[in-house]
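Structure at a glance
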Amino acid sequence: MVVEVRLIGADEIARKFEKLSKEGRQKVAQRATSKMAKTFKQELLNNAPVRTGNLKRHIRQSVTKGKKFEGYYGKAGLWKKRGKGGKDFPFYAYFVEKGTSGHAVNPKNGEALAFDGGTWGGVDIPDIPANPFVRKTFNSKKGAALRIGSKTFLDQIRKLWK
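Read on for a plain summary of the structure.

Calculation criteria
Residues numbered from 1 in each chain as written. Predicted model: local features only at pLDDT ≥ 70, side-chain atom pairs only at ≥ 80, totals over all residues. Heavy atoms only, no water. Phe/Tyr/Trp six-rings, centres within 6.5 Å; stacked < 30°, edge-to-face > 60°. Buried < 20%, exposed > 50% of the residue type's maximum accessible area, 1.4 Å probe, protein only. Helix = DSSP H or I, 4+ residues; strand = E, 2+ residues; numbered from the N terminus. Expected span 1.5 Å × (residues − 1). Bend = angle between axes of the 7 residues up to and from the residue. Polar contact = N/O pair within 3.5 Å; in protein donor to acceptor, adjacent residues only side chain to side chain. Pairing = 2+ DSSP bridges. Salt bridge = Lys/Arg side-chain N within 4 Å of Asp/Glu carboxyl O. Axes fitted to C-alpha atoms, helices over the stretch in contact; angles between N-to-C directions. Parallel < 35°, antiparallel > 145°, perpendicular 65-115°, else oblique. Left-handed = near helix turned anticlockwise from the far one by under 90°. Nonpolar A, V, L, I, M, F, W, Y, C, P; charged D, E, K, R; others polar. Patch = residues over 30% accessible without salt bridge, like charges linked within 9 Å, V, L, I, M, F, W, Y side chains within 5 Å. Areas by Shrake-Rupley, 256 points an atom, 1.4 Å probe, with all protein chains shown as cover. Lys, Arg positive; Asp, Glu negative; His and termini not counted. Charge placed at Lys NZ, Arg CZ, Asp CG, Glu CD.

Centre-to-centre distance and the angle between the planes together describe a pair of aromatic rings. Here the structure, examined in full by the defined rule, presents 3 aromatic pairs. When the ring of F91 is compared with that of Y92, the centres are 5.8 Å apart and the planes differ by 80°; the resulting orientation is edge-to-face. By relative accessible area, which is 27% here, Y92 ends up partly exposed. Seen in terms of ring centroids, Y94 and F95 are 6.2 Å apart; in terms of plane orientation they differ by 75°. Their pairing is edge-to-face.

Following this line, the structure appears as structure tokens:
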């Protein structure tokens with residue numbers, strides 16, 4: 001799958017962008033990147049499956065300055081909070097996204113399995129179908145995010161040129 005982007009008048013925009021101060025360029029890039037990440041975050045919140053709400057509580061967005069390149073990169077998705085707030089991170093988000101295959105759980109050494117007040121000789125765990133909400137979100141919003149980011153970028157440049 002290929003995404004093709006064409007900028008018409010890119011040379012003129014690049015020349016004018018270079019005339020801006022470094023702080024101005026950074027501000028423009030950061031705001032455009034933030035708007036793009038926010039687009040994905042909002043759609044992730046709409047598409048996330050809800051049973052306990054734990055997945056939705058951990059959907060975040062951030063914009064970080066590039067270390068290996070000049071610019072910013074944005075991300076939206078699931079990750080742990082730093083500090084005490086990250087204890088209830090939904091590690092199972094990967095299983096929701098990718099699904100699981102069924103399997104049998106049998107006791108070791110011929111003993112019985114015991115849980116929920118009962119004992120069993122073995123348990124069959126069913127398949128859990130994939131619910132690729134992150135992939136669906138990316139595929140459905142990548143064009144909109146690019147349009148929003150481009151519009152924000154150009155609007156911010158116009159403000160600084162006035």
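Between its terminal C-alpha atoms helix α5 (residues 133-161) stretches 40 Å, which fits the 42 Å expected from 29 residues at 1.5 Å a residue. Most pronounced at K141, the bend in α5 amounts to some 50°.

Right, let's get into the side chain of N54. Within the fold, N54 resides in helix α3 (residues 54-57). On the basis of relative accessibility, which here comes to 10%, the residue N54 falls in the buried class. At 3.2 Å, the side chain of N54 forms a polar contact with the side chain of R57.

Turning our eyes to something else, we now look at the pairing of strand β1 (residues 59-65). Of the strand pairs in this sheet, β1 and strand β2 (residues 72-78) are connected by 7 bridges, and their pairing is antiparallel. Opposite K65, over in β2, you have Y72 as the bridge partner. From the end of β1 to the start of β2, which pair antiparallel, there are 6 residues, and G71 there has a positive phi angle of about 145°.

Further remarks concern the pattern of salt bridges. Following the criterion strictly, the structure yields 2 salt bridges and no others. Note that K151 and D155 form a salt bridge whose closest N and O atoms lie 2.8 Å from each other. Taken together, the positions of K151 and D155, both in helix α5 and 4 residues apart, correspond to about one turn of that helix. Judged by its relative accessible area of 54%, K151 falls in the exposed class. The salt bridge involving R158 is made with D155; its shortest N-O contact spans 3.3 Å.

Each packed pair of helices is defined by two parameters, the angle between the axes and the distance between the axes. In contact at an axis separation of 8 Å, helix α2 (residues 22-47) and α5 are set at 150° when each is read in the N-to-C sense. Taken together, the axes of α2 and α5 lie roughly antiparallel to each other. The way α2 lies across α5 gives a crossing that is right-handed. Of the residues contributing to the contact of α2 with α5, the split by class is 14 nonpolar, 8 polar and 5 charged.

Among the surface-exposed residues, K27, R31, K35, K38 and K159 lie close enough to one another that they form a single positively charged patch. Looking at the positive patch, the element that brings in the most residues is α2, giving 4 residues. Residue placement: K38 occurs in helix α2. With relative accessibility at 46%, the residue K38 sits in the partly exposed group.

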